[in-house]
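As a plain string of letters, each chain reads:
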Amino acid sequence: MYEVIEYFEDLQDGGHPYNVGDAYPREGLEVNEERINALLTGKNARNTVFISEKAEEDSKAEEDSKAEEDSKAEEDSKAEEPTKSAAKKVEKNGQNSGIKSAKSRSGNTK
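The model shown is predicted, which means the values in this text are computed figures rather than measured ones.

Definitions and cut-offs
- Residues numbered from 1 in each chain as written.
- Predicted model: local features only at pLDDT ≥ 70, side-chain atom pairs only at ≥ 80, totals over all residues.
- Heavy atoms only, no water.
- Helix = DSSP H or I, 4+ residues; strand = E, 2+ residues; numbered from the N terminus.
- Buried < 20%, exposed > 50% of the residue type's maximum accessible area, 1.4 Å probe, protein only.
- Contact = heavy atoms within 4.5 Å.
- Polar contact = N/O pair within 3.5 Å; in protein donor to acceptor, adjacent residues only side chain to side chain.

Asks: Explain the environment of Glu3 here, please?
Replies: If you trace the backbone, Glu3 turns up in strand β1 (residues 2–4). We classify Glu3 as partly exposed; its relative accessible area is 28%. Remark: the alpha-carbon pair of Glu3 and Val20, spanning 17 residues in sequence, is separated by 7.6 Å. Once residues within four sequence positions are removed from consideration, Glu3 is found in contact with Gly21, Asp22, Phe50, Ile51, Ser52 and Lys54.

Below is the structure:
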């Protein structure tokens with residue numbers, strides 16, 4: 001996998017635009033080694049380096065970081081659920097006790 005480091009329109013791909021940060025080649029496109037080398041080394045019509053090798057470790061680290069964030073968000077969400085439930089119980093109990101005390105004040109013992 002390669003990362004675009006300089007904007008270009010790939011003339012060998014119908015002028016498809018590649019922005020900085022995009023993956024090269026795009027999904028579904030097969031590119032030969034000669035083309036890869038031309039874009040990696042600057043040995044092309046514009047004498048410019050357009051892509052760099054994206055280290056597998058960087059890609060793996062990004063995936064691990066994303067998975068860790070998702071796991072943390074899920075844990076935080078689960079931690080909030082009991083709190084909401086407890087708040088509803090307190091609210092409900094508070095309403096019930098108010099009703100009981102009003103009945104007891106009126107002398108109604110039903």
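Asks: What exactly am I supposed to notice about the side chain of Asn44 here?
Replies: Its place among the elements puts Asn44 in the loop between α1 (33–41) and β5 (51–53). The buried category is assigned to Asn44, whose relative accessible area is 14%. At 2.8 Å, the side chain of Asn44 forms a polar contact with the backbone oxygen of Ala38. At 2.8 Å, the side chain of Asn44 forms a polar contact with the backbone oxygen of Thr48. In this view, Asn44 contacts Ala38, Leu39 and Phe50; residues no more than four positions away in its chain are not counted.

Read these as spatial facts, not as claims about activity.
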